[in-house]
Amino acid sequence: MSKKSLPVEGITSDRIFAAMETIKQKDIRWGEGRAFSLVFKGDKEMDEVIRRASQMFFSENGLNPSAFPSLKQFENEVVAMMVNLLNGGDIGCGSMTSGGTESILMAVKAAREWGKKNKPGHTRYKIIVPLSVHPAFDKAAHYFELDLVKAPLGTDYRVDLAALEKLIDDRTVLIVGSAPQYPQGVVDPISAMGQLAKKHNTLLHVDGCVGGVLLPFFKMIGADVPDFDFSVEGVTSISADLHKYGYAAKGASVVLFKNKELRRHSYFASTDWPGGMYASPSVLGTRAGGPIAAAWAIMNYLGIEGYTKVATSIKNTVDEFKARIDKQVGVKLAVNPDMSVMCLVGEGVDIYKVGDGMTNRGWHLDRQQNPSGLHLTVTYAHAEIIDQFFADLEISVAEAGNFGAKLSGVKTGIAKGFIKAMPKGVVGKLVAREGKNFGKDLESDGPKNTAAMYGMMEALPGKGDLDGLVLDVLDGLFTLQKPLDLTETKS
Ligand SMILES: *Cc1c(COP(=O)(O)O)cnc(C)c1O
C-alpha cells in the first residue's frame, strides 16, 4: 500500500495550515535575499498587486477566451505590450504561456511545422543551438522529435558563429540565440545570427526568457545592450518570461512571433471530437486565470517608469557586485555579463568548496560546470544583502583555501556533471553506488559537500551513465518518504 491515502475524515483547516507552516520553514529563505535563482521578489506593493489580481481571477479558466472576455482582454494586452517593448511593430503577435519552457516548446513546434511547409521532403528536422542554451530546447527536441545540434562557444561564452554556420544544412529549420544566456549572462551575437538565418533560410529564435523584459530597460538607462529583438533582421520569434524580471506571478511568459503566419504554426486544432470543436494556442488545456491577470496588473502598475526604477536598482546592485567580486581574491567573473546574471569562478581556489561554504551560511547558489562556477541571478531583493554576502564570501573563500587536507583522497577537479537543484539526492545516490570509504567520507561530511560530489562525478564512465543517475535521483525525489504529520495544532 502507498504511504499516504486520503484521510478518512477531513482534517480541520487549522491543522492543515499549521502543518504547511511548519514544513515551509525548510524552504530556502528567498524573502531575505538568500536565493540567487528561482524567486524574483519585488517590493511590498508589487507583491500586493500580483496577489490581489491572482486571487481575483483564481477560479477563472483561460482555456475558453469567449467564456472569459476578461482574461482574453488581459492576455491580448499583455502580448501587445511585449510586442511593442520588443519592437515587433504592427504585425508582431504572440501567445501567453505558463512559462519559459512552454514558450520555447511553442517556438520549436512552430519551426518544425514551418519546415514541413517550407522545406518539404525531410522526415526529421534539425535545430541548432549554442552549447549554453537552456535545456528547454533539448526538451522540445526530445518531445517533438527533432535533431538538436549544439554549436560551441567562443572564449567570450557567446556562440561561435563560424562553427554555427558549418552546422547549418538543408534540414535546419531553426537557429537559436539567447539574450542573455543563463550560465554566464552574455547575449549571443543576435544581429550576425540574423544574417546567417536569412542567408540559409532558417528561422531564428531569441531566448529572452530571462532578459526579454529587463534588457530593454537596461538599454533605456544607458547600459551597453546589444540589439536582440525584432528590430534585428532575421529574428522570427522571441520567448520572454513575465514571471522573472517582469515581476509577475509564476506561470506567466510570452512567445512572440514576427507575424501571424508563423504563430499559426504553433497552434493546434481538433475538429472531430464529440465534445465539440477544440482549438488551443499552446501546450496547456485548462489555464489558470490568476497568472494572466497578475501579469496584466503588474505591467500596468509598473509601466515604463516603474520598470525603469526597478532596472536602475538592479543595475546598481549588479555594478556593486562586480566591483566587490573584483576586489575579492580567489574568485572572479567568468566573463563580464551583459545584464544581471553572472558566473563566479575560482582563481586558485575550488569554487565548489566556496559554494559549500556559502550554503553552510544560508545562501542558495546554483552550481555550474564547464567552467566550474557558481551562478548569481541578481534581483531587486539583493540590494539589501550586499555586505552580508561579501562578508560570507570572504570567509568561504578563506575556508576553501584550507579545505584540501580534509578531503584528501577524494578526487576533486573539473566536474563532468551538473545536477541543478538536487545535489543532496545525488550525493546519496553516489554514496550508495560507490559504497566505498570514498562514499563514507562524503556521508560524514554531510550532504552539503558538493565540492567532493562534483569531483566524484568525474570518475563516472560516460554521459549516459550520468543521465541515468540523474533520472534515478528524480525518481527518488518524486517518491514519498513520509506523509506530513497533521496532528499538530496551531501554536
Ligand atoms: C528560465 C529560463 C528558461 C525557462 O523558463 P521556465 O520559466 O523555467 O520554464 C529558458 N531560458 C532561459 C534563458 C531562462 O533563464
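Structure shown above.
If you're wondering where the values come from, they're calculated on a predicted model, not measured in any experiment. (Residues numbered from 1 in each chain as written. Predicted model: local features only at pLDDT ≥ 70, side-chain atom pairs only at ≥ 80, totals over all residues. Heavy atoms only, no water.)

Undergrad: What am I meant to see in the sheet that holds strand β2 (residues 126–130) here?
TA: Consider a sheet: its strands pair through backbone hydrogen bonds, and that pairing is either parallel or antiparallel. Read across the sheet, seven strands follow the order β1-β7-β6-β5-β4-β2-β3 without closing on themselves; strand pairing throughout is mixed. For this open sheet the edge positions go to β1 (93–97) and β3 (147–151), each flanked by a neighbour on one side alone. Adjacent strand axes in the sheet meet at a mean angle of 20 degrees when their direction is disregarded. Relative to strand β7 (residues 253–257), β1 runs antiparallel, the two being bridged by five bridges. For Ser95, the partnering residue across the bridge sits in β7 and is Val255. (Pairing = 2+ DSSP bridges. Helix = DSSP H or I, 4+ residues; strand = E, 2+ residues; numbered from the N terminus. Axes fitted to C-alpha atoms, helices over the stretch in contact; angles between N-to-C directions.)

Undergrad: What's the story with the site of the ligand in this structure? I'm lost.
TA: What surrounds the ligand is the set Gly99, Gly100, Thr101, Ile104, His134, Tyr182, Asp207, Cys209, Val210, Asp241, His243 and Lys244. Residue Thr101 places a side-chain N or O atom 2.6 Å away from an oxygen atom belonging to the ligand. His243 places a polar side-chain atom, nitrogen or oxygen, 2.9 Å from an oxygen atom of the ligand. Protein chains shield 84% of the accessible area of the ligand, which is 370 Å² for the free molecule. Tallying contributions element by element places helix α4 (residues 100–118) first for the shell around the ligand, with three residues. By residue class, the composition of the shell around the ligand is four nonpolar, five polar and three charged. (Near = heavy atom within 4 Å. Polar contact = N/O pair within 3.5 Å; in protein donor to acceptor, adjacent residues only side chain to side chain. Areas by Shrake-Rupley, 256 points an atom, 1.4 Å probe, with all protein chains shown as cover. Nonpolar A, V, L, I, M, F, W, Y, C, P; charged D, E, K, R; others polar.)

Undergrad: Help me understand the packing of helix α3 (residues 69–85) against helix α10 (residues 289–327), please; the structure alone is not making it clear to me.
TA: Angle between the axes and distance between the axes: these two values describe a pair of packed helices. Where α3 contacts α10, the two axes come as close as 9 Å, and the packing angle between them is 50 degrees. In this view, α3 runs oblique relative to α10, as classed from their interaxial angle. The crossing of α3 and α10 is left-handed. Residues Leu71, Phe74, Glu75, Glu77, Val78, Met81 and Met82 of α3 form the contact with α10, whose participating residues are Gly289, Ile292, Ala293, Ala295, Trp296, Met299 and Asn300. Across the contact of α3 with α10, the residue classes tally to 10 nonpolar, two polar and two charged. (Parallel < 35°, antiparallel > 145°, perpendicular 65-115°, else oblique. Left-handed = near helix turned anticlockwise from the far one by under 90°. Contact = heavy atoms within 4.5 Å.)

Undergrad: I'm lost on unusual backbone geometry in this one. Help?
TA: Note: most peptide bonds trans; most residues except glycine with negative phi. In the segment running from Ala179 into Pro180, the intervening peptide bond is cis, with an omega of -15 degrees. By secondary structure assignment, the location of Pro180 is in the loop between β4 (172–178) and α7 (190–199). With an omega dihedral of 5 degrees, the bond running from Asn370 to Pro371 counts as a cis peptide bond. Relative to the assigned elements, Pro371 resides in the loop between β12 (366–368) and β13 (373–377). You will see that Tyr157, though not glycine, has its phi angle at about 70 degrees, which is positive. As for its position among the elements, Tyr157 is in the loop between β3 and α6 (161–167). Here Tyr247, not a glycine, exhibits a phi torsion of approximately 55 degrees, which is positive. Looking at the element boundaries, Tyr247 is found in the loop between β6 (237–241) and β7.

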